[in-house]
Amino acid sequence: MSLIMKNEYMYNKKFQDYVDKYCKEHCCTTKEAFKKKKVKLAFWQYTDL
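Here the structure is a predicted model, which means the values were calculated and not measured.

S.K.: Looking at this structure, how should I read the environment of Tyr46?
M.R.: Mapped onto the secondary structure, Tyr46 falls in helix H4 (residues 37-46). Of the residues examined, Tyr46 reaches a relative accessible area of 28% and is grouped as partly exposed. A C-alpha to C-alpha distance of 9.2 Å links Tyr46 and Tyr18, two positions 28 residues apart in sequence. If sequence neighbours within four positions are ignored, Tyr46 has contacts with Glu8, Asn12, Lys14, Phe15 and Tyr18.

Right under this line is the structure:
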């Protein structure tokens, strides 16, 4: 899991909500979700640069 993604998950409520919803729908952990292409793409959409 990327440290940047983990940090974004901790401090970005919108990204956190997306990952939590993804995990619930796909019955996986956040660690597993961070490896998925769909979540990686969403990370860039929700990241504030």
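S.K.: When you look at H4 in this model, what are you seeing that I'm missing?
M.R.: Note on helix geometry: an α-helix contains 3.6 residues per turn, so any two residues three or four positions apart are oriented the same way. Turning to H4, its buried residues number three or more, namely Val39, Ala42 and Phe43. Each buried residue of H4 lies within a common arc of 110 degrees when the element is viewed along its axis, so the set occupies one face. Opposite the buried face of H4, at more than 90 degrees from it, the exposed residues are Lys37, Leu41, Trp44 and Gln45. Of the surrounding elements, those touching the buried residues of H4 are helix H1 (3-11), helix H2 (13-26) and helix H3 (30-33).

S.K.: Mind showing me how you'd approach the packing of aromatic side chains here?
M.R.: Note on aromatic pairs: each is described by the distance of the centres and the angle between the planes. The full count for this structure, using the stated rule, is 6 aromatic pairs. Note on Phe15 and Phe43: the rings are 5.7 Å apart at their centroids and 65 degrees apart in plane angle, and the pair reads as edge-to-face. Of this pair, Phe15 sits in helix H2 while Phe43 is found in helix H4, placing the two residues 28 residues apart along the sequence. Grouping residues by exposure puts Phe15 and Phe43 together as buried. Residue classification places Phe43 among the buried positions, given a relative accessible area of 3%. Members of the aromatic cluster, joined through ring pairs, are Tyr9, Phe15, Tyr18, Phe34, Phe43, Trp44 and Tyr46.

The rules behind the values
Residues numbered from 1 in each chain as written. Predicted model: local features only at pLDDT ≥ 70, side-chain atom pairs only at ≥ 80, totals over all residues. Heavy atoms only, no water. Helix = DSSP H or I, 4+ residues; strand = E, 2+ residues; numbered from the N terminus. Buried < 20%, exposed > 50% of the residue type's maximum accessible area, 1.4 Å probe, protein only. Contact = heavy atoms within 4.5 Å. Arc of directions from axis to C-beta. Phe/Tyr/Trp six-rings, centres within 6.5 Å; stacked < 30°, edge-to-face > 60°.

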